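Understanding the architecture of this molecule
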Amino acid sequence: MTDDHDPPGAQGPRPDRPPDDAETRLSDVIRQHASDLEGHFARVEDVLVTVAGLCSAAPGIAAEEPEASYARLLALRADLDLALQEADICAQYIRFFRKVFVDFIGALSVGGTGGEPRPPHAALADRMERMLWDSYFMDEQRKVFSDRFGTPAADRADAGAAPRIELF
Amino acid sequence: MKEILIVDDSRTMLASIEEILSSNGFKVASAMSADEAMARFRDGLRPALMITDLNMPGKNGIELIADVRKLPRQRFMPILMLTTESKQDLRQQAKEAGATGWIVKPVNETSLMQVIEQILP
């Protein structure tokens, strides 16, 4: 998987979750990434609020204590470095979610437009599960998931079927 | 920059594949029917690869491939069929019409790019 598919810091499914259906398994991963993104964004917000507060107070502080004001600004650099790292992480998460949305739009548009029958809900859910499995689950997540739930239904259904990709 | 023509009657499918191809450094042209694709060729489009849906209003993907193969400049252009169909007889028809490969939807970015890397020198 590429960096875009691997938001940093993601930890895999919560170990205390009971086995559930495919929908729950998928929402586990998405919700966890969304929650992680929220945490990173909150840290960026903290630094921005500090910067904003310092900027608004800066003229008064600088007039009375120019050296102290400069020292406080310098002290903020470490926080800004950290905020920059957190912002980069947020950007990776956003790219990850954007990719998921684009691929899901593609999966949902399969069939029904050119005479092909629209797949039933279960088949569509299998396709989306396969897409997440193939593209977005990290190795450790795959291991945990297959240990607990087995391989995706779409993989089992494909056993013995014609190959999905064939070059002539 | 290599150009790839995508033919699909679904706007969302076109958008999805365009996103994958353009983010991997390809120039993308698109058409929503076999007729539109043929018009693009007549207008001088010379893609390195064509990816086409099978079931479309009007001519289907296999008929499009047969028409494209009659164009002298497109005789050797790789053509991939990207479809929900997986029946062997349809694959055989596509192969006989001149398709280079068959991909069952949905396809993820990694798999699609692996196939393209194999067929585009």
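The structure under discussion appears in the preceding block.
Here's a quick rundown of the structure. (Residues numbered from 1 in each chain as written. Chains lettered and ligands numbered in written order. Predicted model: local features only at pLDDT ≥ 70, side-chain atom pairs only at ≥ 80, totals over all residues. Heavy atoms only, no water.)

**What about the pairing of strand E3 (residues 49-52) of chain B?**
All names here are of chain B. By the alternation rule, side chains of E3 split into Leu49 and Ile51 and Met50 and Thr52, which are all buried. Bridge analysis of strand E1 (residues 3-7) against E3 gives four bridges, and the strand direction is parallel. Bridge pairing in E3 links Ile4 to Leu49. Handedness of the crossover joining E3 and strand E4 (residues 79-83) through helix H3 (residues 61-69): right-handed. (Buried < 20%, exposed > 50% of the residue type's maximum accessible area, 1.4 Å probe, protein only. Helix = DSSP H or I, 4+ residues; strand = E, 2+ residues; numbered from the N terminus. Pairing = 2+ DSSP bridges. Right-handed = clockwise from strand over helix to strand, strands pointing away.)

**Side note on H3 of chain B**
All names here are of chain B. Taken across its nine residues, H3 has seven buried, putting it largely inside the fold. Listing the buried residues of H3 in full gives Gly61, Ile62, Leu64, Ile65, Asp67, Val68 and Arg69. Residues of H3 that are buried sit in contact with E1, helix H2 (34-42), E3, E4 and helix H4 (88-97). A distance of 2.9 Å separates the backbone nitrogen of Ile62 from a side-chain oxygen at the start of H3, and that oxygen is part of Asn60. (Contact = heavy atoms within 4.5 Å. Polar contact = N/O pair within 3.5 Å; in protein donor to acceptor, adjacent residues only side chain to side chain.)

**Considering the packing of H2 of chain B against H3 of chain B**
Residues and elements named next belong to chain B. Taken N-terminus to C-terminus, the directions of H2 and H3 make an angle of 20 degrees; their axes are 10 Å apart at the nearest point. Relative to H3, H2 is oriented roughly parallel. Our pair here, H2 against H3, has a crossing hand that is right-handed. Across the interface between the two elements, Ala34, Ala37, Met38 and Phe41 from H2 touch Leu64, Asp67 and Val68 from H3. (Axes fitted to C-alpha atoms, helices over the stretch in contact; angles between N-to-C directions. Parallel < 35°, antiparallel > 145°, perpendicular 65-115°, else oblique. Left-handed = near helix turned anticlockwise from the far one by under 90°.)

**Description of helix H5 (residues 109-119) of chain B**
All names here are of chain B. For H5, the set of buried residues is Glu109, Leu112, Met113, Val115, Ile116 and Ile119. Take H5 and look down its axis: the buried residues cluster within an arc of 160 degrees, on one side only. Opposite its buried face, H5 presents the exposed residues Glu117 and Gln118, each directed more than 90 degrees away. (Arc of directions from axis to C-beta.)

**Observations regarding the nonpolar core**
All names here are of chain B. In this structure, Leu5, Val7, Met50, Leu64 and Val68 are the most contacted members of the largest nonpolar core, which totals 25 residues. Elements that contribute at least two residues to this core include exactly E1, strand E2 (27-31), H2, H3, E4, H4 and strand E5 (101-104). Setting aside residues up to four positions removed in sequence, Leu5 forms contacts with Ala29, Ser30, Ala31, Ala37, Phe41, Leu45, Pro47, Leu49, Met50 and Ile51. Counting residues in each nonpolar core, the second largest holds 20 residues, with Ile4, Phe26, Leu82 and Ile103 among its members. (Core = buried A, V, L, I, M, F, W, Y, C linked by side-chain atoms within 4.5 Å.)

**Section: the pairing of E2 of chain B**
All names here are of chain B. Note: E1 against E2, five bridges, orientation parallel. Of the residues in E2, the one forming a bridge with Val7 is Ala31. Remark: the E1/helix H1 (residues 11-23)/E2 crossover connection has right-handed handedness.

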